[in-house]
Amino acid sequence: QVQLVESGGGLVQAGGSLRLSCVASGSIFSINDMAWYRQAPGKQRELVATITRGGSTNYSNSVKGRFTISRDNAKNTMYLQMNTLKPEDTGVHYCKADIKGRAWNLPTTYWGKGTLVTVSS
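Note that this is a predicted model, so its numbers are computed, not measured.

What counts and how
Residues numbered from 1 in each chain as written. Predicted model: local features only at pLDDT ≥ 70, side-chain atom pairs only at ≥ 80, totals over all residues. Heavy atoms only, no water. Salt bridge = Lys/Arg side-chain N within 4 Å of Asp/Glu carboxyl O. Buried < 20%, exposed > 50% of the residue type's maximum accessible area, 1.4 Å probe, protein only. Helix = DSSP H or I, 4+ residues; strand = E, 2+ residues; numbered from the N terminus. Pairing = 2+ DSSP bridges.

Asker: Is there a simple way to think about the pattern of salt bridges in this case?
Answerer: Pairing of side chains with opposite charge becomes possible as their charged atoms draw close. In the structure shown here, the tally under the stated rule is three salt bridges. Put simply, R38 and E46 hold a salt bridge, and the shortest N to O gap is 2.9 Å. For R38, a relative accessible area of 4% puts it in the buried group. With its nearest N and O atoms 2.8 Å apart, the salt bridge here joins D89 to R38. Separated by 51 residues along the polypeptide, D89 in the loop between β8 (77–82) and β9 (91–101) and R38 in strand β4 (residues 28–39) bring together distant segments of the chain. A cluster of three or more residues bridged by salt bridges with shared partners is formed by R38, E46, R66 and D89.

Have a look at this one:
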């Protein structure tokens, strides 16, 4: 079965940096588009950044210029380099991926369970 596992979250001071990773594992044929979302306490989940299988990226205006999304298709891994972190970046960060399984090649959306990022002032 396919699963996504995020890592790299933690507590950091404002202005600091963190690098999140999302590793997909299981019976995977290919991974298409991937994305990072985040959900701050008391707020709805929002899109942070997207990346296609070919490496094209898009960013939320709130993180543009500070965050960099990337992926390593050979490792089935996506990254989010977060620089100049602000308290407003605090929240659970989720990995989403559209994946074709080896047993069924119709793309299916999978979500990780999230990793908590806390930015203190």
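Still more ground to cover, so stick around.
Asker: Teacher, can you tell me more about the pairing of strand β3 (residues 18–25) here?
Answerer: Along any regular strand the residues' side chains alternate between the sheet's two faces. Pairing analysis gives five bridges linking strand β1 (residues 3–7) to β3, with the strands arranged antiparallel. Bridge assignment links L4 to a residue of β3, and that residue is A24. With six bridges joining them, β3 and β8 adopt antiparallel strand pairing. Counterpart to V23 in the pairing with β8 is T77.

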